[in-house]
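Letter by letter, the chains look like this.
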Amino acid sequence: MAQPPVNVLEMFKQAALEVDNRTLTDLKADTVISSLGMDSVAVMELVSFFEEKLNVRIPDEELSKIRTVGDLRDTLQKLMPDRAVAA
Amino acid sequence: MGSTKADIAVSYDVSNEFFRLWLDERMNYTCGIFDEGPERMKLGVPGPVSLEESQLRKLRILSDYAHVTSASTVLDIGCGWGADLEYQATTNHVKAAHGITLSEAQCAEIRRRALPNVTASVCSYLDYRPEVKFDAIISICMMEHIVSPQEARDGKSIAAYRNYFRLAHEWTKPGAYFGLQTILRNFVPRDRKDIQDLGWVTYEIFPGGIVPRLEEIIAAVNPYFEVLELKTRRLDYRNTTWHWRDRLRKNEAHIRATWGDKVFDDYERYLSTCVTGFEKHYTSLAQYSLKRID
Ligand SMILES: C[S@@+](CC[C@H](N)C(=O)[O-])C[C@H]1O[C@@H](n2cnc3c(N)ncnc32)[C@H](O)[C@@H]1O
């Protein structure tokens, strides 16, 4: 059975709440992650939230290339080619 | 530009007496070499090789990697409190050794030791312009200060490391060798506590710097140096930091009374993070013998 599509925007909001106690309202695909005011440690925790929930591992050398929420979506889509990933 | 002079003061100028309490007697603030075989190294408590002996072994290896003889003039980039300079002067009996550090407190300690044929200055490698060229270079865990976390995220690491090797090339004679040691960033932890601890060490204990990745160093040496030998020493650094934490704990009451609870608690957390980081492969250590490409 096909797995349900992944909604990166919704998951991102959930992760921000969980790891950094932040409520993000105006999140879009082109939102630059560093502009959200989270420090890099929190961003790393957020990435591991996605990895854990989706059971994937983003290679370390890809991590530094992720600037926007859309970049995160693209990276996850590459790791899960059989699943719809939207942002 | 990596760690500034003010950043370096945070890392190294707590007090020379404080560091003397938990480092080895010559105050090496880098990985020693125990070489006790994989079984021994895995045990919780390190084997019979003392911290003092491990540091001498390290200095012997790096001197060999740099082909140091009594006829050599040696530059130590990021010389700390002068343990290697002391080794060059009193064991290798070199013709001359010069050290640069960004820490005033460290330079004061080196001058206090009044070592034969040794000079030292407070100077960044970026500003250093030696009058004569050296036969050999040793640099022990200084590259960790060259690039800031933000610069690393912006993709500037390799260019900055290459500039360091370019300068080292400029400061040496044809035929020179370079004994290099660096910590390595192997992979980013995913465990939440480990992410926070490693992030905290990076930002609070060693502000302005980030540990290099092996592939960055390998890319950056060219076209200035050739890697002749390379050996990783992850468990040796695990044992070194274990010894440091053990000595720190044995001096807990004195440290709390003299420098306050925060200093003790911070250093205990930092050293525990290091022990875990080496055990879990987040970080490792590498020693390199480099030959100048003439
Ligand atoms: C971890 S300590 C190692 C000290 C010594 N090599 C040892 O083995 O104990 C790093 C050293 O690099 C020095 N350092 C950091 N940035 C520097 C810079 N830009 N120029 C020169 N030295 C620097 C620090 O002052 C410190 O002495």
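Conventions and cut-offs
Counting from 1, residues in each chain are numbered in the order their sequence is written. Lettering for chains starts from A, numbering for ligands starts from 1, and both go in the order in which the items are written. For this predicted model, a pLDDT threshold of at least 70 governs which residues receive local features, and a threshold of 80 or more governs which side-chain atom pairs are given and counted, while totals over whole chains, interfaces and linings are taken from all residues. By convention in this description, side-chain values take in all heavy atoms of the structure and omit both hydrogens and water. Neighbouring residues are identified by heavy atoms, a residue being near a molecule or strand if any of them is within 4 Å of it. Pairs of N or O atoms within 3.5 Å make up the polar contacts considered here, provided that, within protein, one atom can donate a hydrogen while the other can accept it, and that residues adjacent in sequence are counted only when both atoms are side-chain atoms. Here the nonpolar group is Ala, Val, Leu, Ile, Met, Phe, Trp, Tyr, Cys and Pro; Asp, Glu, Lys and Arg are the charged ones; every other residue, Gly included, is treated as polar. Helix and strand assignments follow DSSP, with helices taken as H or I runs no shorter than four residues and strands as E runs no shorter than two, numbered in order from the N terminus. Buried means the residue's accessible area, taken with a 1.4 Å probe over protein chains only, is under 20% of the maximum for its type, while exposed means over 50%, and partly exposed covers the values in between. Here, a strand pair is defined by DSSP locating no fewer than two bridges between the strands. Should any heavy atoms of two residues lie within 4.5 Å, those residues are considered in contact. Defined in terms of a 1.4 Å probe, buried area is the accessible area two parts forfeit on being brought together, summed over both. Whenever a carboxyl oxygen of Asp or Glu lies within 4 Å of a side-chain nitrogen of Lys or Arg, that contact is scored as a salt bridge. Confidence scores labelled pLDDT are given residue by residue by the predictor and lie between 0 and 100. The set of buried Ala, Val, Leu, Ile, Met, Phe, Trp, Tyr and Cys residues whose side-chain atoms join them within 4.5 Å is what this entry labels a nonpolar core.

1. Observations concerning the site of the ligand
All names here are of chain B.
Link 1 in the chain: Around the ligand, a shell composed of 19 residues is seen, among which Tyr29, Thr30, Gly78, Thr101 and Gln106 lie nearest.
Link 2 in the chain: The side chain of threonine 30 places a nitrogen or oxygen atom 2.7 Å from an oxygen atom of the ligand.
Link 3 in the chain: With respect to the ligand, the backbone of glycine 80 contributes an N or O atom lying 3.1 Å from an oxygen atom.
Link 4 in the chain: Looking at the shell around the ligand residue by residue, the class counts come to 10 nonpolar, 9 polar and no charged.

2. Re unusual backbone geometry
Residue and element names in this part refer to chain B.
Link 1 in the chain: Asparagine 222 connects to proline 223 through a cis peptide bond whose omega is 5°.
Link 2 in the chain: Phi angles above zero are rare outside glycine, and cysteine 141 is one such case at about 55°.
Link 3 in the chain: The topology assignment puts cysteine 141 in the loop between strand S4 (134-140) and helix H7 (149-153).

3. Structural notes on the pairing of strand S7 (residues 283-292) of chain B
Residue and element names in this part refer to chain B.
Link 1 in the chain: Of all 10 residues making up S7, 9 are buried, and the element is well covered by its neighbours.
Link 2 in the chain: By the bridge criterion, 9 bridges tie strand S5 (residues 172-185) to S7 in an arrangement that is antiparallel. Looking at the pairing, leucine 180 lines up with tyrosine 288 of S7.
Link 3 in the chain: For strand S6 (residues 225-232) and S7, the ladder comprises 7 bridges, and the chain directions are antiparallel. The partner of glutamate 229 across the bridge, within S7, is serine 289.

4. What to know about the interface of chain A and chain B
Link 1 in the chain: Taken together, the contact pairs 13 residues of chain A with 12 residues of chain B.
Link 2 in the chain: Carbon and sulfur atoms make up 52% of the area that chain A and chain B hide from each other, which totals about 1100 Å².
Link 3 in the chain: Among the residues of chain A in contact with chain B, A:Val41, A:Glu45 and A:Asp60 are the three that bury the most area, contributing 39% of the side total.
Link 4 in the chain: Counting the contacts that link chain A with chain B gives 3 salt bridges.
Link 5 in the chain: Ionic pairing is found between A:Asp60 and B:Arg190, a salt bridge with its closest N-O pair at 3.3 Å.
Link 6 in the chain: Counting across the chain A and chain B interface gives 7 residue pairs in polar contact (both at pLDDT 80 or more).
Link 7 in the chain: Breaking the side of chain A that touches chain B down by element, the ones donating at least two residues are helix H1 (8-20), helix H2 (40-54) and helix H3 (60-63) of chain A.
Link 8 in the chain: With 6 residues, the single largest contributor to the side of chain A that touches chain B is H2(A).

5. Considering the confidence of the model for chain A
Link 1 in the chain: Across chain A, the average pLDDT comes to 91, with 99% of residues at 70 or higher.
Link 2 in the chain: Mean pLDDT values for the elements of chain A range from 85 in H3(A) up to 96 in helix H4 (residues 69-79) of chain A.

6. A look at the nonpolar core
Link 1 in the chain: Ranked by size, the top nonpolar core spans 54 residues in total, and within it B:Phe19, B:Trp22, B:Tyr29, B:Tyr267 and B:Tyr270 carry the most contacts.
Link 2 in the chain: It is helix H13 (residues 261-279) of chain B that provides the largest number of residues to this core, a total of 7 residues.
Link 3 in the chain: Leaving out residues up to four positions away in the same chain, B:Tyr29 has contacts with B:Tyr12, B:Phe19, B:Trp22, B:Leu23, B:Trp81, B:Phe206, B:Tyr237, B:Trp244, B:Tyr267 and B:Tyr270.
Link 4 in the chain: Counting residues in each nonpolar core, the second largest holds 32 residues, with A:Leu24, A:Met38, A:Val56 and A:Val69 among its members.

7. Regarding helix H5 (residues 83-90) of chain B
Residue and element names in this part refer to chain B.
Link 1 in the chain: Buried residues dominate H5, accounting for 7 of its 8 residues.
Link 2 in the chain: Along H5, the residues classified as buried are Ala83, Asp84, Leu85, Glu86, Tyr87, Gln88 and Ala89.
Link 3 in the chain: Looking at the buried positions of H5, the neighbouring elements they touch are helix H4 (51-65), strand S1 (73-77), strand S2 (96-101), helix H6 (104-113), strand S3 (118-122) and S4.

8. Some thoughts on the pattern of salt bridges
Close approach of charged atoms allows side chains with opposite charge to pair.
Link 1 in the chain: Inspection of the entire model under this criterion finds 33 salt bridges over all chains.
Link 2 in the chain: Of the charged contacts, one joins A:Glu62 and A:Lys65 as a salt bridge, the two residues approaching to 3.7 Å between their closest N and O atoms.
Link 3 in the chain: Here the salt bridges share partners, and the residues they tie into one network are B:Glu17, B:Arg20, B:Arg26, B:Glu86, B:Glu109, B:Arg112 and B:Arg113.

9. Considerations on the side chain of B:Ser72
Residue and element names in this part refer to chain B.
Link 1 in the chain: Take serine 72: it is sitting in the loop between H4 and S1.
Link 2 in the chain: Within polar-contact distance, the side chain of serine 72 engages the backbone nitrogen of threonine 69 at 2.8 Å.
Link 3 in the chain: With residues up to four places along the chain from it excluded, the contact list for serine 72 reads His67, Val94, Lys95, Ala96 and Asp135.

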